[in-house]
Every structure is written in C-alpha cells, then in structure tokens.
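Structure assessment
Residues per chain are reported as follows:
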Amino acid sequence: MDSLLSVSDIKEDVKYILDLASKIKAGEMEEKPLEGKTLAMIFQKSSTRTRLSFDVGMYQLGGRAIFLSSNDLQMGRGEPILDTAKVLSRFVDGIMIRAIKHSDVEELAEHSDVPVISGLTDLEHPCQALADMLTIKEHLGDWEGKKICFVGDGNNVCNSLLLIAPLLGMDMSVACPKGYEPNEAILETAKEYASENGTEITVSDDIGVALENVDVVYTDVWVSMGDEAEAAQRKLDFAPFQVNADLMSLANDGAIFMHCLPAIRGQEVTSEVIDGPQSVIYDEAENRMHAQKAVLYYYLK
Ligand code: CP
Ligand code: NVA
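Position numbers for residues start from 1 in each chain and track the written sequence from start to end. Each chain is given a letter, starting from A, and each ligand a number, starting from 1, according to the order in which they appear as written. The predicted nature of this model means local features are confined to residues of pLDDT at least 70 and side-chain atom pairs, given and counted, to a pLDDT of 80 or more, with totals for whole chains, interfaces and linings taken over all residues. Side-chain measures were taken over the full set of non-hydrogen atoms in the model, leaving aside hydrogen atoms and water.

Okay, the site of ligand 1 next. The environment of ligand 1 is formed by S47, T48, R49, T50, R98, H125, Q128, C260, L261 and R288. Measuring from an oxygen atom of ligand 1, one finds a backbone N or O atom of R49 at 2.8 Å. Under the rule applied, a polar contact is a pair of N or O atoms within 3.5 Å (in protein, one hydrogen donor and one hydrogen acceptor; residues adjacent in sequence only if both atoms are side-chain atoms). The backbone of C260 places a nitrogen or oxygen atom 2.9 Å from a nitrogen atom of ligand 1. In this description, accessible areas are obtained by the Shrake-Rupley approach with a 1.4 Å probe, and a residue is regarded as covered only by the protein chains that are shown. Out of a free accessible area of 260 Å², ligand 1 has 95% covered by protein chains. Of the residues belonging to the shell around ligand 1, the class tally is two nonpolar, five polar and three charged. To be near a molecule or strand, a residue needs just one of its heavy atoms within 4 Å of it. Three classes are used, and their members are as follows: Ala, Val, Leu, Ile, Met, Phe, Trp, Tyr, Cys and Pro are nonpolar, Asp, Glu, Lys and Arg are charged, and the others, Gly among them, are polar.

Here it is as structure tokens:
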C-alpha cells in the first residue's frame, strides 16, 4: 500500500499535491470527497498543529478522524506493530502516525493494508514540508530559482525540507554547528534531486556563507522532542545560530521568516523576528491543514 513516510514517497507528485492543496484552499474542490472515510491518528508524542489539522481536515472533507494516544492503545503496552497494522486496517481507510522511531512507522506501513501517513518521526516531517512549500509559493510567487536557508539543528524538519526544495526547483543551504548536520543518507538523496533539477544544496557552519542570496530563513527548536537529555549542551552549541535581526539582515530584502512551531522566543529566534513583518508563521501553520487535505484526498480517495 502506498504510504507517505518521506518526501521521497511523493517525489513524482509533489507539484500535483501542492497544486491540489491550492485548489482545495481556494474552494475549487468537490464537496466532501471523503464522505464515509475514517482516519486513525496515533500519537506517541505531543502535538497541536498536526492533530488539529488532520482532524479538522478530515471533517471538512466529509470524513472523520479518531485520535488514538499511544498510552491508551494496546500498542503502548507492547502489542506488536504487525497486529496493530492488520487490525486497524480492518476498521479505517488510513492511518496517520506521529512516532518516536521512524523504523516503527516503516514497520507499520509494511504490514498495513491502508495508507500510512507520517505526522513526524525522528527522521522526517513530510507534511510540514508540504505546508511550508505551499506557504513559500503564496508569499514568493514561485519556488523556481528561490533559495531557502535552514538555520540550526539538522533535524526531521530540516531533512524533509532538504528533499522537497530541489524537487520544486529551489536551492537550499543549511547553517548548523558541527555535529548537528542533517541525516547523511537524506543529504545524499537531496543532492541527487538537486543535480536532477539543476539546483544546489550546501551545508555549512558558516552562517554568513549559508545566508547568501536567501529568500526564506527557516529555523526550528534546538531541542526536539526526544532530545531533552541534551538540552543544556544544545543551548550552548546553538547559541551563535539564533535567528535575530542581525542574522535576518544577511538575507535578501523581502526575505520571509518561517518556523514549523512550536517555537521558543529568545532561543532559536528572537521575538523581534518571529513576531515581526517578515514572519509568516501563522500562514504556515494554517497551511498544514490545506496541504494535508490534499494528501488525504490523494491517498484516501
Ligand atoms: N509543526 C508541528 O508539527 O506542530 P505540532 O507539534 O503542534 O503538531
Ligand atoms: N523538530 C521538532 C519539530 C516539532 C514539530 C521536534 O521533532 O520536536
């Protein structure tokens, strides 16, 4: 069964899905295309945006979503992922999961008879990347020839952006401290996509270099869910990578600031930037729902 675990799973259809998302947002879609369909939503980690956007999105498409906390599921007590996948497949039309381990989601998808959609793992956050690209198109007009710089931790959000940016004709730079680079295999794949599409991917600990000719400055928390034990060290290591007004001044005039949220003002970004005129964070959050409605239509219809 086709599933969305990585941006690579929709490599050929990214533009189609984003075009569909724009149409859905503009109201140019049939009414309730997912009438009678049900989505199970498994959460092993906290969520505001992902949970709400999938739940409201399913409702608006005419279907329904069922929230399943992993604490309440038998899976949380050790029921095998195999049995969970097989049983859920008998009840629902799709499974959305936010998981601690990417490999667990791969196992779930392998045994599921319905599509599995990742709502974040330790490796990727593909739905976030789709919403981000929808937001960039709305604010910058197009992706082609534009450059995004991810500043901070080479984490799940960064990994998915690395894969999606070249597929849409964007250059991408990552500015991160040594030791916090993006996943190596993903970086390699992203560079392949970049060479296929004539774009460029660079990773550097030199913020000035990474921010040359940048149209989008993106950051995320220094301490992701699951990294809490390293919090003190991370705060020291990432301090020079805070997105503040000085750093923003290195980007192009008219550059936008993005953050997947939740954010910690005063750590990875100053309130001057995240609450300032260049920030598009609430459009970005809203677009989670429009992009995911397109994903749900694509996989469940
Ligand atoms: N950006 C994002 O995934 O937010 P939540 O953790 O609130 O779902
Ligand atoms: N990198 C963050 C993203 C949260 C949406 C985390 O994994 O916690």
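Having seen the structure, we can now continue with the description.
This part is about the sheet that holds strand β5 (residues 147-151). Strands are treated as partners if at least two bridges between them are detected by DSSP. Put simply, DSSP H or I for four residues or longer makes a helix, DSSP E for two residues or longer makes a strand, and each gets a number counted from the N terminus. Spatially, five strands are ordered β7-β6-β5-β8-β9 in an open sheet, and the strand pairing comes out parallel. The two strands at the open ends of the sheet, each matched to only one other strand, are β7 (201-204) and β9 (256-259). Averaged over all adjacent pairs, the angle separating strand axes in this sheet is 20°, with direction ignored. Where β5 meets strand β6 (residues 171-175), five bridges bridge the pair, whose relative direction is parallel. Note on β6: the bridge partner recorded for F150 is V174. Pairs of residues are marked as contacts when any of their non-hydrogen atoms sit within 4.5 Å. Think of each axis as a best-fit line through the C-alpha atoms, taken over the contacting stretch in the case of a helix, with angles from 0 to 180 degrees between the N-to-C directions. Contacts from helix α5 (residues 126-140) reach β5, β8 (216-219) and β9, with the element oriented near 165° to β9. Each of β8 and β9 is contacted by helix α12 (residues 281-300), which is oriented at about 50° to β9, the strand it contacts most.

Let us now look at α12. Expected span, for any helix, means 1.5 Å times one less than how many residues it has. For α12, which comprises 20 residues, the first-to-last C-alpha distance of 28 Å matches the rise-based estimate of 28 Å (1.5 Å per residue) to within 8%. Throughout, bend refers to the angle between the axes fitted to the seven residues that end at a position and the seven residues that start at it. Its axis deflected by about 30° at N287, α12 carries its strongest bend there. Relative accessibility decides the category of a residue: with a 1.4 Å probe and only protein chains considered, values under 20% of the type maximum give buried, values over 50% give exposed, and everything between is partly exposed. In terms of residue burial, α12 counts as a mostly covered element, since 15 of its 20 residues are buried.

Before going further, it helps to spend a moment on the packing of helix α3 (residues 81-91) against helix α4 (residues 102-111). In contact at an axis separation of 8 Å, α3 and α4 are set at 45° when each is read in the N-to-C sense. One way to sum up the angle between α3 and α4 is to call them oblique. Helix-helix and strand crossings are classified by hand; for α3 and α4 the assignment is right-handed. In this structure, α3 contributes I81, L82, A85 and K86 to the contact, and α4 contributes D104, E107, L108 and H111. Should an angle fall under 35 degrees it is called roughly parallel, over 145 degrees roughly antiparallel, and 65 to 115 degrees roughly perpendicular, with every other angle called oblique. Helix crossings fall into two classes, left-handed where the near helix is turned counterclockwise from the far one by less than a right angle and right-handed where it is turned clockwise.

Attention now moves to the site of ligand 2. Neighbouring ligand 2 are the residues L120, N155, N156, D220, S224, M225 and L261. In this structure, S224 approaches ligand 2 through a side-chain N or O atom, which is 2.7 Å from a nitrogen atom. At a separation of 2.8 Å, an oxygen atom of ligand 2 approaches a polar backbone atom of M225. When the residues that make up the shell around ligand 2 are grouped by side-chain class, the tally is three nonpolar, three polar and one charged.

The subject of this paragraph is the packing of aromatic side chains. Under the pairing criterion, centres of Phe, Tyr and Trp rings, with the six-membered ring standing for Trp, must be within 6.5 Å; the plane angle then separates stacked pairs below 30 degrees from edge-to-face pairs above 60, leaving the rest tilted. Enumeration according to the criterion identifies six aromatic pairs in this entry. With centroids separated by 4.9 Å and ring planes inclined at 75°, the aromatic side chains of Y298 and Y299 adopt a geometry described as edge-to-face. Its relative accessible area of 11% is what places Y299 among the buried residues. Grouped by ring-pair contacts, the aromatic residues Y16, Y298 and Y299 constitute a single cluster. For a ring to carry a charge above it, either NZ of a lysine or CZ of an arginine must fall within 6 Å of the ring centroid while also lying within 35 degrees of the normal to the ring plane. In this structure, R51 is placed above the aromatic ring of F67, and the distance from its NZ or CZ to the ring centre is 3.4 Å.

All right, on to helix α7 (residues 184-197) then. Counted at 1.5 Å a residue, the expected span for α7 with its 14 residues is 20 Å, and the 20 Å between its end C-alpha atoms agrees. By the N-cap criterion, in which a side-chain oxygen at the helix start approaches the backbone nitrogen of a residue two or three places on, α7 is capped by N183, the distance to A185 being 3.1 Å. Of the residues trailing α7, G198 is marked for its positive phi of about 70°.

Structural measurements only, silent on function.
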